[in-house]
Amino acid sequence: MSHPPKSLWWDSLSQPLKIRESVDSNLELDVAIIGAGYTGLWSAYYLKQNEPNLKIGLIEANVAGFGASGRNGGWCSALFPVGLEKLAEQSDRQTAIRMQKTMFETVDEVGRIIEKEGIDAEWQKGGSYSIARDEIQLKRAKEETKHFKEWGFNDFDFTFFNQIEAINKINASNILGTTFTPHCASINPAKLVRQLAEVVEKNGIKIFENSQVTNFSKNRVFVNNQEIKAKFIINATEAYRSNFKQYKRTSIPVYSLMIATEPLSIETWDEIGLKNRETFADYRNLIIYGQRTKDNRFAFGGRGAPYHFGSKINPIFDQHQKTHRDLLETLIDIFPVIKGVKVTHTWGGPLAIARDWAPHVTFDKNSNILSAGCYVGDGVATANLAGRTISDLILNKESNLTSLPWVQHESKKWEIEPFRWIGINSTLQLAKFADVMEKKYKKETFVTKLLSKLRGH
Ligand SMILES: Cc1cc2nc3c(=O)[nH]c(=O)nc-3n(C[C@H](O)[C@H](O)[C@H](O)COP(=O)(O)OP(=O)(O)OC[C@H]3O[C@@H](n4cnc5c(N)ncnc54)[C@H](O)[C@@H]3O)c2cc1C
């Protein structure tokens, strides 16, 4: 068992960590859920709400919230990593639009349960800005706005603010404009996952910790030399799924890294803006994301850390000096007013990406094994949708959720090594290179086009 990850979020928890009991005898359950992150916990929560008699157990290798759920950027957003065109190709135009609208509703559903269950997750639904700081980014911002309009969404879902309007909202250096969507809340992810675990427990669901599942197959889960018999099994291990032989090439664990600054003065925030704790990103190739925390820090993250050969996951990869340094430089470049700020926390963790960048919920009716994940870093709200969908699938309820295009979606497998390692790390380097080239030559290069081809969208 690894220790809980070090992060701003885990340090903010008020209660000392008490580890729950492990699996130490053979068990019989209706539903065995492997992994106690958002996917596992939301699945348990809705299943129990809809069918109180079910005997449900969550089996967690570490502690509830140990994975990405306890250490992410805290964007509870309606982002879905598959574009509307792609979704329409897999279904039809109306269904693609319904998927996006369901994501909007999902953000509110998370907020609704947080309120109903009295969870203090530092929730604030202030929306999200994607800023443009050069002409190329501005073009992308305008194109994205036009794209949403073409798909029938209006200014209440996605809008564009020009330079003067943008500066008043988020005073980033060189800002030329920004897009805005109200469908995003800032949260403290560890508070959400840890308190959701308590809610689930109070509802009569058993959580086992320090219990690493070594293998599972139809109706059987193996852990700590014990066997759990279950009618249904849910694989809710996301980035860690590639540790199971049968899932090895269904996703890759990609590290996203974060930093947190010391709390900033109110005067500094008056200069920066983000009055409603809106989350923020920009239109560069290598993803960055940030939020103003409830205690007035920046929590800021991004990609760029290397992929590790053989899809290896190890707590030492949560630290990568160069990436953490680059993150601080980027943050200061965006908000020069914070120059000299202290970084109090650096951390990171793995998230799962499928070969076609598509998340899924699947239900194999032969084995009664379900799986959800591959959220590509957009899993905070999406895992809630997965939980509700899984509940409907297990309870055999055909619903608006079970007919969404990501249900039963199967992605192609990732390449074998060393091609996987070469391909992923080259793509990461290309993304960095594309950003440097764009900054230097002020125009979109072939590298950007190549990148979007490689990602399949
Ligand atoms: C740094 C970072 C920033 C991110 N930022 C955002 C963001 O701002 N917004 C957003 O929407 N998404 C974000 N994401 C992604 C998001 O956090 C995840 O998609 C989401 O939390 C996945 O939830 P999960 O429950 O499926 O997986 P996890 O939270 O990873 O949970 C899986 C659990 O399974 C357990 N497990 C693994 N193997 C076993 C085993 N063999 N036996 C038993 N248990 C096992 C793990 O210990 C873990 O607790 C971010 C991710 C990272 C890493």
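Note that residues are indexed from 1 along each chain, following the sequence as it is written. Predicted model: local features are reported for residues with pLDDT of at least 70 only, side-chain atom pairs are reported and counted for 80 or more only, and whole-chain, interface and lining totals are derived from all residues. To get the side-chain values, take all heavy atoms of the structure and skip hydrogens and water.

### What about the site of the ligand?
Where we set the bar: Think of it this way: one heavy atom of a residue within 4 Å of a molecule or strand is enough to make that residue near it. Polar contact is defined as a pair of N or O atoms within 3.5 Å, subject to the rule that within protein one atom must be able to donate a hydrogen and the other to accept it, and that residues adjacent in sequence are counted only when both atoms are side-chain atoms. Calculation of accessible area relied on Shrake-Rupley with a 1.4 Å probe; when residues are assessed, cover is drawn exclusively from the protein chains displayed. Helix numbering and strand numbering both begin at the N terminus, where a helix is a DSSP run of H or I of at least 4 residues and a strand a DSSP run of E of at least 2. Lys, Arg, Asp and Glu make up the charged group, whereas Ala, Val, Leu, Ile, Met, Phe, Trp, Tyr, Cys and Pro make up the nonpolar group; the residues left over, Gly among them, are polar.
Near the ligand, the surroundings consist of 37 residues, among which Thr-39, Glu-60, Ser-69, Gly-73 and Val-380 are the closest. In the environment of the ligand, an oxygen atom lies 3.1 Å from a nitrogen or oxygen atom belonging to the backbone of Ala-68. The backbone of Gly-73 places a nitrogen or oxygen atom 2.8 Å from a nitrogen atom of the ligand. Alone, the ligand offers 1000 Å² of accessible surface; in the complex the protein occludes 98% of this. Among the secondary structure elements, those contributing two or more residues to the shell around the ligand are helix H2 (38-50), strand E12 (252-261), strand E16 (343-353) and helix H10 (379-394). Tallying contributions element by element places E16 first for the shell around the ligand, with 3 residues. Split into classes, the residues belonging to the shell around the ligand amount to 17 nonpolar, 16 polar and 4 charged.

### Comments concerning the packing of aromatic side chains
Going by this rule: Ring pairs are drawn from Phe, Tyr and Trp, using the six-membered ring of Trp, whenever the two centres fall within 6.5 Å, and their geometry is named by plane angle: stacked under 30 degrees, edge-to-face over 60, tilted for the rest. The rule is simple: take the accessible area with a 1.4 Å probe, protein chains only, and divide by the maximum for that residue type; under 20% is buried, over 50% is exposed, in between is partly exposed. When the NZ atom of lysine or the CZ atom of arginine is within 6 Å of a ring's centre and also within 35 degrees of its normal, the charge is said to sit over that ring.
Under the definition given, this model contains 20 aromatic pairs. Ring geometry for Phe-104 and Phe-153: centres 5.7 Å apart, planes at 80°, overall edge-to-face. Residue Phe-104 is located in helix H4 (residues 93-116), and its partner Phe-153 is located in the loop between helix H5 (135-150) and strand E5 (159-162); the two are separated by 49 residues in the primary sequence. The burial state of Phe-104 is the same as that of Phe-153; both residues are buried. Considering the side-chain rings of Phe-298 and Phe-335, the 5.0 Å spacing of their centres and the 20° angle between planes classify their relative orientation as stacked. In this pair, Phe-298 is assigned in strand E15 (residues 298-302) and Phe-335 in the loop between helix H9 (321-334) and E16, connecting sequence segments 37 residues apart. Side by side, Phe-298 and Phe-335 carry an identical accessibility label, which is buried. Residue placement shows Lys-169 over the ring face of Phe-161; its charged tip is 4.5 Å from the ring centre. Taking the ring centre of Trp-414 as reference, the NZ or CZ of Arg-355 above it sits at 5.1 Å.

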